[in-house]
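# Chain and residue survey
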Amino acid sequence: MLGDLGRPLAGRLLALVPVLFGITLLVFILNAVALGDPARAAMGQRADPEALERMRREYALDRPLPVQYVTWMGRVLRGDLGQSFREQRPVTEVIIERLPATIRLAVAATLISIVLGVAMGALAAVRPGSTLDHALMGAAVLGISTPVFWLGMMLSLVFAVNLGWLPVSGYGGGDPRYLVLPAFALGALHTGTVARMTRSSLLEVVRQDYMQTARAKGLSEPLVLAKHAFRNALIPIVTVIGIGLADLLVGAPLTETVFAWPGVGRLLVAAVSQRDLPVVMGAVMVFALVYVLGNLAVDLAYLVIDPRTRRGAS
Amino acid sequence: MARPSALRHRGFLTGVAFVGVFATVSVLAPALAPYDPTALAGATTLARPSVAHPLGTDALGRDLLSRVLWAGRVSLAVGLGVEILAALIGCAIGMLAGYYGGAVDALLMRTTDVVMAFPSLVLAIGLIAVFERPGLDKVVIVLVALGWTTIARVMRGAVLSLKAREHVQAARALGAGDVTIMVRHLFPNALGPLLVAATIGVGSNMVAEAGLSFLGLGAQSPTLSWGAMLADGQTFLVTAWWVAVFPGAALLLAVLGVNLLGDGLRDLLDPRFRE
């Protein structure tokens with residue numbers, strides 16, 4: 001049944017090419033505008049003219065912009081994002097060092113939002129229109145509307161400062177207690193979205209004719225739900241995980257700043273303040289790539305779950 | 001299915017009430033604020049909430065209530081102003097793409113895809129970095145530069161479905177020009193979904209401004225902003241909770257109101273969401 005995946009798969013990958021080109025072009029242009037003279041920006045006002053000249057030649061900075069882009073792109077493809085002005089070492093190295101913390105936070109936040117969100121949505125769907133339904137959906141809107149950095153501060157205020165149950169901020173060398181508050185703060189926004197989507201997709205599915213048919217065939221209710229409802233409810237849930245990726249990536253710089261979490265988001269924010277532009281552009285590009293590849297993964301998941309999406313070239 | 005009445009839609013009404021209070025308080029802030037929001041004199045620093053200072057004072061002894069009220073004006077002005085500019089750009093782009101199709105459509109929509117391929121706040125941070133120094137004006141520029149994409153997609157979608165309709169075909173047959181068709185026949189019929197998208201956009205602009213200002217990449221002192229106030233709140237979280245609680249609560253209530261209003265409008269205006 002998965003044999004006919006090849007063509008749609010190729011289609012998805014092909015559609016990625018202009019987007020990736022656009023992303024790199026945009027970052028390249030930003031870089032060019034921000035730096036003015038990159039050689040001087042990298043080497044400082046007092047740089048030796050000969051060294052400047054050498055650098056310009058090496059990076060093709062004396063050539064037209066399209067040539068510069070191609071040269072730069074070649075370096076990016078080899079994983080060379082330039083040197084950090086501040087740390088005097090490769091940007092790639094600086095970013096890779098910070099990735100595990102961000103991934104840990106993102107995974108924890110995703111798990112929280114899925115478990116909490118699906119539970120809330122399913123509970124609300126049991127009796128639509130009931131007080132419980134209204135209360136849960138009210139909580140969902142509240143979660144969606146609460147700015148992630150303020151929620152982080154409030155969680156910290158209650159559970160760390162007042163109750164003293166958890167540390168206020170920091171990484172604690174990987175101690176899981178330090179992960180709890182940032183993960184809840186980052187996950188809350190998305191929990192609301194998951195809850196709403198779960199509720200509406202469950203309500204949608206139980207109304208469908210094939211559910212009636214399955215019941216009419218005499219299948220037991222748990223079997224009906226497991227075989228028919230779940231697979232069909234899975235499609236919107238996958239969508240929601242895709243949307244969640246955007247929430248996570250947008251929330252990461254803020255959450256990591258609130259909790260002094262040593263991830264890529266905080267690196268990005270600090271690099272802007274320090275005007276360490278190679279790190280800024282490198283981090284922006286990594287975020288965009290993660291986002292695009294994440295969305296590709298969601299698309300691929302659709303192909304597996306929902307055979308209908310395999311038709312149609314787009 | 002009957003069109004649901006706006007007067008019986010609970011979320012919509014709550015949103016209208018919140019937004020109404022937020023807008024009124026922002027407009028009347030100069031009259032309502034008990035003190036000059038920037039005046040340092042006469043008050044103790046980090047004073048607890050009291051009768052004289054209902055929300056307490058900040059680290060420089062400024063009255064928090066007055067500051068929260070004045071910052072609301074900034075938040076509202078940025079949220080609304082950015083959305084108006086972004087919507088103009090988005091409408092134009094979506095209209096051109098949907099109406100002319102072909103290469104124009106492909107170019108504009110691929111550009112939209114690229115802007116949307118970045119997590120919004122991350123690209124905003126990257127764009128802020130291009131400027132020598134941060135400020136509220138740069139936040140506005142950046143949010144407008146990134147904010148038009150959703151509106152453009154909505155507009156394009158609406159135009160694609162509308163342009164085959166009979167009244168549009170009839171107008172064309174009667175010799176109406178492209179511009180007339182776009183302005184008189186396509187735009188008015190797309191207003192519903194556009195209004196929904198723009199309302200939600202106002203809320204995201206407010207959150208984005210607060211976030212950037214919180215990170216020190218937006219409003220700089222003495223410009224007032226809930227986000228910038230929250231950065232102070234973070235510094236004094238352990239000693240003075242009120243500095244962190246009140247500006248954030250104000251932001252939350254304002255954004256919640258705007259989001260409820262947007263959700264309500266969608267229920268009322270968009271047939272697909274009618275229950």
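That block above? That's the structure.
Residues numbered from 1 in each chain as written. Chains lettered and ligands numbered in written order. Predicted model: local features only at pLDDT ≥ 70, side-chain atom pairs only at ≥ 80, totals over all residues.

A word on the overall build of chain B. The helix and strand tally for chain B stands at 11 helices and 0 strands. Written out in order from the N terminus, the α and β elements of chain B read α-α-α-α-α-α-α-α-α-α-α. Residues classed as buried in chain B amount to 48% of the 275 residues present. Nonlocal contacts in chain B, meaning residues at least 24 apart in sequence, comprise 69% of its contacts between residues at least 6 apart. (Helix = DSSP H or I, 4+ residues; strand = E, 2+ residues; numbered from the N terminus. Buried ≥ 20, exposed ≤ 12 C-beta atoms within 10 Å, placed from the backbone. Contact = placed C-beta atoms within 7 Å.)

As a further point, take the nonpolar core. In this structure, A:Val280, A:Ala283, A:Val284, B:Ala124, B:Ile125, B:Ile151 and B:Met155 are the most contacted members of the largest nonpolar core, which totals 154 residues. Once you skip the residues sitting within four places of it in the chain, B:Ile151 turns out to touch B:Ala86, B:Ala87, B:Gly90, B:Cys91, B:Gly94, B:Leu194, B:Ala197 and B:Ala198. (Core = buried A, V, L, I, M, F, W, Y, C linked by C-beta atoms within 7 Å.)

Turning to unusual backbone geometry, a few remarks are in order. Apart from glycine, the bulk of residues carry a negative phi angle, and the bulk of peptide bonds sit in the trans form. With an omega dihedral of 10 degrees, the bond running from B:Ser221 to B:Pro222 counts as a cis peptide bond. Relative to the elements of secondary structure, B:Pro222 occurs in the loop between α9 (178-214) and α10 (226-235). The phi torsion at A:Gln88 lies on the positive side, around 55 degrees, for a residue other than glycine. Summarising the element assignment, A:Gln88 is placed in the loop between α4 (65-77) and α5 (91-126). On the basis of neighbour counts, which here come to 7 C-beta atoms within 10 Å, the residue A:Gln88 falls in the exposed class.

Pairs of packed helices are described in terms of their axes, by the angle between the two and the distance that separates them. All names here are of chain B. The N-to-C vectors of helix α7 (residues 149-162) and α9 enclose an angle of 155 degrees; their axes lie 9 Å apart at closest approach. Put simply, α7 runs roughly antiparallel to α9. Between α7 and α9 the crossing geometry is right-handed. Within the contact between the two elements, α7 uses Thr150, Ile151, Val154, Met155, Ala158, Val159 and Leu162 and α9 uses Leu186, Asn189, Ala190, Pro193, Leu194, Ala197, Ala198 and Gly201. (Axes fitted to C-alpha atoms, helices over the stretch in contact; angles between N-to-C directions. Parallel < 35°, antiparallel > 145°, perpendicular 65-115°, else oblique. Left-handed = near helix turned anticlockwise from the far one by under 90°.)

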